[in-house]
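Geometric and topological summary
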Amino acid sequence: MSLPSRRPLCRRPLCRSASSPSSPSCPSCSSQPCAATNASPYSTDQRPSARIGPGARPGTPSQALLFGDAALLAVDHGAVAGLLDDAGAASGALRGRVLIDCTNAVGPGFLLTTGEGPGAARTVAAATGARVVKAFNHSAASVWALDPPVFADGPLAVPLCGDDEAALALVRTLVRDLGCIPLDAGGLDRADQLEAMTAFLIGLWHTGQDPRPMLPPFAAVAGTDRSGLREA
Ligand SMILES: NC(=O)c1ccc[n+]([C@@H]2O[C@H](COP(=O)([O-])OP(=O)(O)OC[C@H]3O[C@@H](n4cnc5c(N)ncnc54)[C@H](OP(=O)(O)O)[C@@H]3O)[C@@H](O)[C@H]2O)c1
């Protein structure tokens, strides 16, 4: 299967925006030289599909988006709109699909590039009509690679935000299969908060600060008057 043609991206860390093929510099960080490329870095036996094992096969991003019961969007946020376009989102090709969005739209200063919103997951839902679940964005790839991601105080909890119960049930199963605990965190409207929380965590992690001690044990909160924490 031939490799996908795709829009080249700026290779500069934290930029990665779509770059004009005819331009020697990136339109987003024009003062910086842009080493945009759309060539595959993989030889056949190095392809991720070969490393994953039997049952996995290479395909275009559009094919991947339509393959199986669910698709995980795990590319740079700046590439998502182009991939959805290529897959025919505008003509409804992804309507009703279960799309798991783990992207983090985090830019310089660890601020959300989606600004005041809507956030990444809601934008995907609006562009596709897919049943979007925000999940797996809040922790680093090195953690997802653990088998299982279990620490001193138990399995990692994975917050899920979505509006479709069947899609959420499927993603809960995937979370449990990883050895983690699904945490129902509300509808897709709360995905913006999950994205903002993750940007906040990334900022702390990248500046060498451990956010774990900022969370008191649940019992310490649950055992007290929580009137100040109630929903409005
Ligand atoms: N890394 C983490 O710890 C982590 C944790 C949670 C969530 N996330 C989020 O997950 C997403 C992926 O993160 P990552 O660290 O894996 O990023 P990455 O290292 O930039 O990898 C992204 C992957 O997507 C591919 N890709 C990029 N643009 C593409 C396009 N236009 N068409 C097809 N494929 C494209 C890349 O292929 P090439 O290598 O060929 O460019 C690469 O395989 C991001 O949104 C990130 O915020 C990352």
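Further up the page is the structure itself.
These numbers were taken from a predicted model, which means no experiment stands behind them.

Let's shift gears to the nonpolar core. By size, the foremost hydrophobic cluster in this structure holds 19 residues, and its most contacted members are Leu65, Leu84, Leu94, Leu99, Val124, Val132 and Leu188. Not counting chain neighbours up to four residues away, the residues in contact with leucine 94 comprise Leu65, Leu66, Leu84, Ala87, Ala89, Thr128, Gly129 and Ala130. Among the nonpolar cores identified, the runner-up in size contains 16 residues, and Val98, Leu156, Leu168 and Val171 belong to it.

Backbone hydrogen bonds are what pair the strands of a sheet, in a parallel or an antiparallel way. With mixed pairing, the 5 strands of this open sheet are ordered in space as β1-β2-β3-β6-β7. The open sheet has two edge strands, β1 (70-73) and β7 (181-184), and neither has a second partner. Between one strand axis and the next, the sheet turns through 30 degrees on average, direction left out of account. Bridging between strand β2 (residues 98-101) and strand β3 (residues 131-134) involves 4 bridges; their strand directions are parallel. Paired with leucine 99 across the two strands is valine 132, which belongs to β3. Against the sheet, helix α4 (residues 120-128) makes contact with β1, β2 and β3, and its axis sits at roughly 170 degrees relative to β3, the strand it touches most.

Applying the stated criterion to the full structure yields 1 aromatic pair. Between phenylalanine 136 and tryptophan 144, the aromatic rings sit 5.3 Å apart at their centres with planes inclined by 90 degrees, giving edge-to-face as the arrangement. Its relative accessible area of 18% is what places tryptophan 144 among the buried residues.

Right, let's talk about unusual backbone geometry for a bit. The omega torsion of the bond from glycine 117 to proline 118 falls at 5 degrees, within 30 degrees of zero and hence cis. Inspection of the secondary structure puts proline 118 in the loop between β2 and α4. For phenylalanine 110, which is not a glycine, the phi torsion comes out positive at approximately 60 degrees. With respect to the secondary-structure elements, phenylalanine 110 resides in the loop between β2 and α4. Backbone geometry at phenylalanine 136 places phi at a positive 65 degrees, although glycine is not the residue there. Look at phenylalanine 136 and you get buried, because its relative accessible area is 11%.

Further remarks concern the side chain of threonine 128. You can see threonine 128 is positioned in helix α4. Among the polar contacts made by the side chain of threonine 128, one reaches the main-chain carbonyl oxygen of valine 124 at a distance of 2.7 Å. Residues in contact with threonine 128, not counting those within four places in the same chain, are Leu84, Ala89, Leu94, Arg95 and Leu99.

Helix length check: helix α6 (residues 165-177) (13 residues) gives 18 Å between terminal C-alpha atoms against 18 Å at 1.5 Å per residue, within 8%. Those residues of α6 lying buried are Ala167, Leu168, Val171, Arg172 and Val175. Along α6, the residues classed as buried sweep out an arc of 140 degrees about the axis, all on the same side. The outward face of α6, more than 90 degrees from its buried face, is lined by the exposed residues Arg176 and Asp177. Looking at the buried positions of α6, the neighbouring elements they touch are β2, β3, β6 (157-162) and β7. Residue aspartate 164 occupies the N-cap position of α6, its side-chain oxygen lying 3.1 Å from the main-chain nitrogen of alanine 166.

Rules behind the numbers
- Residues numbered from 1 in each chain as written.
- Predicted model: local features only at pLDDT ≥ 70, side-chain atom pairs only at ≥ 80, totals over all residues.
- Heavy atoms only, no water.
- Core = buried A, V, L, I, M, F, W, Y, C linked by side-chain atoms within 4.5 Å.
- Buried < 20%, exposed > 50% of the residue type's maximum accessible area, 1.4 Å probe, protein only.
- Contact = heavy atoms within 4.5 Å.
- Pairing = 2+ DSSP bridges.
- Helix = DSSP H or I, 4+ residues; strand = E, 2+ residues; numbered from the N terminus.
- Axes fitted to C-alpha atoms, helices over the stretch in contact; angles between N-to-C directions.
- Phe/Tyr/Trp six-rings, centres within 6.5 Å; stacked < 30°, edge-to-face > 60°.
- Polar contact = N/O pair within 3.5 Å; in protein donor to acceptor, adjacent residues only side chain to side chain.
- Expected span 1.5 Å × (residues − 1).
- Arc of directions from axis to C-beta.

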